[in-house]
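Okay, here's what each chain looks like letter by letter:
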Amino acid sequence: MKTLASTPGLFLRLGAPISVIVAAILALLMVACALLASLIAPYDPTDLASFELINAELPPAFATDGDPRFLLGTDNQGRDLLSAMLYGARVSIAIGGGAVLLAATLGVTLGLLAGYYGGRIDALIMRIGDVILSFPTILLALLVSGIARAIFPGAATAEWAPLILICAIAIHEWVQYARTVRAATMVETAKDYVRAAKVIGLPPRRIMLRHILPNVMSSVLVISTINLAAAVLTEATLSFLGVGMPPTYPSLGTLIRIGNEFVFSGIWWIALFPALALVILVLAVNIVGDWLRDRFNPKLRVKR
Amino acid sequence: MLKVLISRLGQAALVMLVVSAVSFVMFRYVGDPVATLSRENASVEEKAALRRSLGLDQPLVVQYGRFLGRTLSGDLGISYRNQRPVTQLIAERLPATLELVLVATILSLSLGIPLGVLCALKPHGVAARLVQALSLIGISTPTFVTGIVLILVFAVSLGWLPSFGRGQVVDLGWWSTGFLTVSGLKSLLLPGITLALYQLTLIMRLVRAEMIDVLSSDYIRFARARGLPTRYIHFRLALRNALMPVITVTGLQIGSLIAFAIVTETVFQWPGMGLLFIQAVSFVDIPVMAAYLLFVGLLFVLINAVVDILYAVVDPRLRARSA
């Protein structure tokens, strides 16, 4: 909670506009709520004993016929929607964060190798990246989860779903890290301090990790913020399409998928509240990410 | 020039070879076709005979060669789920997806270009700021949420437009179109808008960036100094040059839109290729998955190669760089 309180001050000193500060607080607040879901959620949606079908599809507490026990209403199985959303946000953020972590690790490693050694290694890594980038994220992610589904039999797919999703998202995102790190590494490698390190005979691994990596880290952090928003969106899309998290352990995307089946019968809250939470979370992270990019590394601005 | 052409086509062929290898591996190693095809208590000899007749006892390279041969002659296998040739399934679904993508492209261009120009001409105006803020919301809103909200408002609450399917279609030979009936056009509207919004932000930002670039160039300043009418400078001189990259990006994005239509088609139960694919993924219908992958891969590679080659034709500087 200490970081939460000091963040606005930090952002103010960096000269961030009010909108960015509000977005940063909102994003941190949502992440904190999601991480503390098991403490603050009124019910435990993973506990089968805590919900009953008799409470299914109750409207939000503030609507007519609302039940004061369920602030945002209940879903088709009688689960408290607010609790399901808090736990769902935790799943979404964990998978998004995991994907960013995997993509960053893979991309930074390959980018360092490509930039440091150049030549054939460089050409091979960057060509693979080019091919991957020429396909849209969603198609690659669907392909990976499709193959994973075919390899693991039915029940195991649900168990492995988070890991499959992380891999499916990271397979596209590592390329951006690799490209940025490679370019920065090439610049650093030509500088005197790296040449000196080479001359005194330090092993390449040490030069890359201890000397070059700290200098490219700021770009990596900036990319990671924007990629986190993108990863959360991709996860939600996959879960919405039914190839992501199973309904027994839903993410925000799965909740929207469940809600989508009830939209036609006028039961709007099951789809709308998780969708709203998702959009606000991603929007807040995007606003902060956009500002960080412009502030620290305008070179990363791509025409989109 | 010939060198560019050959190297670009070679690269495209290489990518297609990789894509086809991935689909082959999916076919071959994901699940055992003999187990799926033979009867329940088949003897070892029977299974071996089936294996021989399917050519599965041949070396891997020979099998891959045969797979390539069959694929090139248009035989992509039989869907496990529908028990119909995959080529036929895709051909049936193709018009629905292409019509949706066409409508989305037209909508996003006709809205994105004026909005982009507006933002570039008056970058500090209220409208421009509003559009910018909306575009940030646009990137942060997933397509399926847009679709659900549109359905809630226009189909469920107001009841103006249908929320699923293509409505009445007219068959023109093998092409079924929704453009010729009222219900077909009405059905196209909501999914078209949903898919267009994904594209709209991109086009708007691009037009804005290009327009700002062009407006600060020398020939525009010269035109201003000559006292030409502002309208003429903005729309005749500047916009024309700003639109060149927009046309390229729109072309390149068509492949992306076809892939992205998977989401829109799921929300609106639109009977296109994307819905076919997503159903194949959830039923592990491998021939359909492999065929869709091959088809969309081919489309991508073709569009990219054609654009690169056209660039080389138009701009001689690129020839030297890539050769």
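Above this note sits the structure.
To start, this report covers the structure provided alongside it. Fair warning: this is a prediction, and the values are worked out from it, not measured in the lab. (Residues numbered from 1 in each chain as written. Chains lettered and ligands numbered in written order. Predicted model: local features only at pLDDT ≥ 70, side-chain atom pairs only at ≥ 80, totals over all residues.)

What about the overall build of chain A?
Broken down by element type, chain A carries 11 helices and zero strands. Seen in sequence order, chain A has helices and strands lined up from the N terminus as α-α-α-α-α-α-α-α-α-α-α. Buried residues in chain A amount to 47% of all 304 residues. When contacts within chain A are restricted to residue pairs at least 6 apart in sequence, those whose partners lie at least 24 apart make up 68%. (Helix = DSSP H or I, 4+ residues; strand = E, 2+ residues; numbered from the N terminus. Buried ≥ 20, exposed ≤ 12 C-beta atoms within 10 Å, placed from the backbone. Contact = placed C-beta atoms within 7 Å.)

Comments concerning the overall build of chain B
Within chain B one finds 13 helices and two strands. In terms of its C-alpha atoms, chain B occupies a principal-axis envelope of roughly 90 × 60 × 35 Å. Per-residue burial for chain B yields a buried fraction of 36% across its 323 residues. Considering only contacts in chain B between residues 6 or more positions apart, those separated by 24 or more positions represent 69%.

Points about the interface of chain A and chain B
Tallying the contact residues gives 37 residues for chain A and 36 residues for chain B. Listed by contribution, the elements that provide at least two residues to the side of chain A that touches chain B are helix H6 (137–151), helix H9 (204–240), helix H10 (252–260) and helix H11 (269–296) of chain A. For the side of chain A that touches chain B, the element with the highest residue contribution is H6(A), accounting for nine residues. A breakdown of the residues in the side of chain A that touches chain B according to their chemical character gives 27 nonpolar, seven polar and three charged. (Nonpolar A, V, L, I, M, F, W, Y, C, P; charged D, E, K, R; others polar.)

Some words on helix H4 (residues 60–72) of chain B
All names here are of chain B. The end-to-end C-alpha separation of H4 is 18 Å, in line with the 18 Å expected for 13 residues at 1.5 Å each. For H4, a buried count of one out of 13 residues is recorded, marking the element as mostly open to its surroundings. A positive backbone phi angle near 90 degrees is found at Gly-74, which sits one or two residues after H4. (Expected span 1.5 Å × (residues − 1).)

Quick look at the nonpolar core
Grouped together as the largest cluster of nonpolar side chains are 162 residues, with contacts concentrated most on A:Met85, A:Val288 and B:Phe277. If you tally residues by element for this core, the top one is helix H4 (residues 81–117) of chain A, at 19 residues. When near neighbours in sequence (up to four residues on either side) are disregarded, A:Val288 contacts A:Val20, A:Ala23, A:Ala24, A:Ala27 and A:Thr225. (Core = buried A, V, L, I, M, F, W, Y, C linked by C-beta atoms within 7 Å.)

A closer look at helix H7 (residues 143–157) of chain B
For H7(B), spanning 15 residues, the distance from its first C-alpha to its last is 20 Å, which sits close to the expected 21 Å at 1.5 Å a residue. At B:Ile151, H7(B) shows its maximal bend, which comes to roughly 30 degrees. Taken together, the buried positions of H7(B) are occupied by B:Thr143, B:Phe144, B:Val145, B:Thr146, B:Gly147, B:Ile148, B:Leu150 and B:Ile151. Where H7(B) is buried, its residues contact H9, H10 and H11 of chain A together with helix H8 (182–215) and helix H10 (230–267) of chain B. Phi turns positive, to about 65 degrees, at B:Gly159, one or two residues after H7(B). (Bend = angle between axes of the 7 residues up to and from the residue.)

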